[in-house]
Amino acid sequence: MKPAIAIVALFISACGGSVEPGTPPPPPPPPSPPPPLVDGGDWGVKSTLIAANSELPIAELNGKLYLLGGYPSTRITVRTVQIYDIATDTWQLGPQLPELNNHGMAAGINGKIYLIGGQTAADGDPYVNTVYELDPANGQWIEKAKMPTARSAGVALVHEGKIYVAGGRPPRGNDFAVYDPVANTWETLPNLPSQRNHMTGAVINGRIHVVGGRLGPGLSPEKTTAHEVFDPQTKTWTTAAPMLSGRSGMNSIMAKGCYHVWGGEDVSGMTPNHEYYDPRNNQWTRLEDMPIPIHGINGSVYKNDLIWVVGGGTGIGGGHASHHNQVFKPTVSCE
């Protein structure tokens, strides 16, 4: 056989035979159906807020939830502190904030409540770098060492006696620093790799996890599924499995070893999505939707076998504050 003929023969054999000219390619296989939603627990309701509110942080201390500032549907920022007692299912007003604040970051640690950063009005660029400490024993707010940069709409997480604060509205979306309440000092840390705001996060197995969020200012359509992890020991960032869908303004908490994320908003509307991340296998699972989607609340607690989903906006943007106080009793476990 001549060399040219041999090459053609080999080509035809490799391609599985000849194809008639003009024959359309076979259709692609149909997409796999989405996995069914998992019934991972039960939703319920508790005593409603004193005043409707959204775009604010929540901190837990000694079985009480502290809702700090924010604004109602008028989008006029307030100094209100609402305190919810989980054991008695009752509300009371606490000492007002030293200044107007919305989109702040908060934490409860060492018997004190901390309000970090935020902004003083709903629009514009009035970001603050203030840090205020509330001692519930005497009802007094005092100012502490200022954050290295002024920012709002980030996330604050407590780990080993310190408060880690990540992200914020542009141009501070990469900022990352840690506050030591005992020393009253700040340390600037390596930047959050993906700049963002209105995200959420948790401490999982000694590492800081930062999840989802918004990339642009205002009600930006640019959302992210990014899931980035900071190791406080090596001071380095890595990535983990991304969220199932990009959104902003959602909330989250660890419960039974699973990392639950719920709610949020997109320009197309509210997102009722509720999913959990299993650190054992680095996988997300979609649960059945939450009954009343909310956004604009940063902070939660898992206590008395319940995840507390307090307050929040029920429509996109900042003009839909609510009185809702929802709870979720998870049955899924990652332990």
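Shown above is the structure to which this text applies.
Here the structure is a predicted model, which means the values were calculated and not measured. (Residues numbered from 1 in each chain as written. Predicted model: local features only at pLDDT ≥ 70, side-chain atom pairs only at ≥ 80, totals over all residues. Heavy atoms only, no water.)

Visitor: Describe the pairing of strand β15 (residues 207–211), listing the residues and the values that go with them.
Guide: Within β15, four of the five residues are buried, which leaves the element mostly enclosed by the surrounding structure. The sheet contact formed by strand β14 (residues 200–204) and β15 spans five bridges and is antiparallel. Looking at β15, one finds that I204 is bridged to R207. Here β14 folds back onto β15, and the loop between the two strands holds two residues, one of which, N205, carries a positive phi near 50°. When β15 meets strand β16 (residues 227–231), the two strands line up antiparallel, connected through four bridges. In the sheet register, H209 faces β16, and the bridge partner there is V229. (Buried < 20%, exposed > 50% of the residue type's maximum accessible area, 1.4 Å probe, protein only. Helix = DSSP H or I, 4+ residues; strand = E, 2+ residues; numbered from the N terminus. Pairing = 2+ DSSP bridges.)

Visitor: Give a detailed account of the pairing of strand β7 (residues 112–116), specifying residues and quantitative values.
Guide: β7 sits mainly inside the fold: four of its five residues count as buried. Hairpin connection between strand β6 (residues 105–109) and β7: a loop of two residues separates the two successive antiparallel strands, and N110 in this loop has a positive phi of roughly 55°. Two strands pair when backbone bridges link them, and β7 and strand β8 (residues 131–135) are joined in this way by four bridges, in the antiparallel orientation. The residue bridging I116 from the neighbouring strand is V131, located in β8.

Visitor: Lay out the state of the cysteines with the relevant residues and their values.
Guide: Taken as a whole and judged by the stated rule, the model has one disulfide. Shown here is the disulfide that connects C258 with C334, its sulfur atoms set 2.0 Å apart. Looking along the S-S bond of the C258-C334 disulfide, the torsion reads about 100°, which is the right-handed sense. Residue C258 is found in strand β19 (residues 258–262), and its partner C334 is found in the segment after β27 (325–330); the two are separated by 76 residues along the sequence. In terms of burial, C258 and C334 fall into one category: buried. (Disulfide = S-S within 2.5 Å.)

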